[in-house]
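# Residue-level structural notes
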Amino acid sequence: WACGPVPFLMERVLGVRFTSVGGRTVRIEPNLMGLKKASGKVPTAFGTIEVFHELKNGKIHTEYKLPEGVTIEK
């Protein structure tokens, strides 16, 4: 039963989506869905991606830590 909610939270709420085979590049495009804050960790083959999102003045502010070998695609 947990196979559905976990990817949904990682990809939709936290907004972490892998954009290359192997996970070397990711996009971070959160959708807080009414939440004021969201944070989490997403495992990769290179280590853990950590993200923190906070809604301030109607805009989402994001902080993240990437493992070595992983980059953000814009």
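Residues numbered from 1 in each chain as written. Predicted model: local features only at pLDDT ≥ 70, side-chain atom pairs only at ≥ 80, totals over all residues. Heavy atoms only, no water.

## Comments concerning the side chain of His53
Here is the rule: For the purposes of this entry, the term helix denotes a DSSP run of H or I that reaches at least four residues, the term strand denotes a run of E that reaches at least two, and both are numbered from the N terminus. Pairs of N or O atoms within 3.5 Å make up the polar contacts considered here, provided that, within protein, one atom can donate a hydrogen while the other can accept it, and that residues adjacent in sequence are counted only when both atoms are side-chain atoms. The contact rule is simple, with two residues in contact once any of their heavy atoms fall within 4.5 Å.
For His53, the position within the fold is in strand β4 (residues 47-56). For His53, the side chain forms a polar contact with the main-chain oxygen of Leu14, separated by 2.8 Å. Side chain to side chain, His53 and Thr62 meet in a polar contact 2.8 Å long. If we ignore the near neighbours within four places in the chain, the residues touching His53 are Val13, Leu14, Ile28, Pro30, Leu32, Lys36, Lys37, Ala38, Ile60, His61 and Thr62.

## Concerning the sheet that holds strand β6 (residues 71-72)
One key point about sheets: their strands pair by backbone hydrogen bonds, in either a parallel or an antiparallel sense. The criterion, for reference: A pair of strands is treated as paired once DSSP finds two or more bridges between them.
Pairing is mixed in the open sheet, where three strands are placed in the order β1-β2-β6. Both outer strands of the open sheet, β1 (16-18) and β6, are each paired with one neighbouring strand and no more. Here two bridges tie strand β2 (residues 25-28) to β6, and the two strands are oriented parallel to one another. For Val26, the partnering residue across the bridge sits in β6 and is Ile72.

## Things to note about the pattern of salt bridges
The condition that has to hold: Take a side-chain nitrogen of Lys or Arg and a carboxyl oxygen of Asp or Glu: if they are within 4 Å of each other, that pair is a salt bridge.
This model, assessed by the stated rule, comprises three salt bridges. Linked by salt bridges that have partners in common, Lys37, Glu54 and Lys56 make up one network.

## Some details on the environment of Arg27
By secondary structure assignment, the location of Arg27 is in strand β2. Measuring from C-alpha to C-alpha, the distance between Arg27 and Thr71 comes to 8.7 Å, with 44 residues separating the pair along the chain. Residues in contact with Arg27, not counting those within four places in the same chain, are Gly15, Val16, Arg17, Thr19 and Glu73. At 2.9 Å, the side chain of Arg27 and the side chain of Glu73 are in polar contact.

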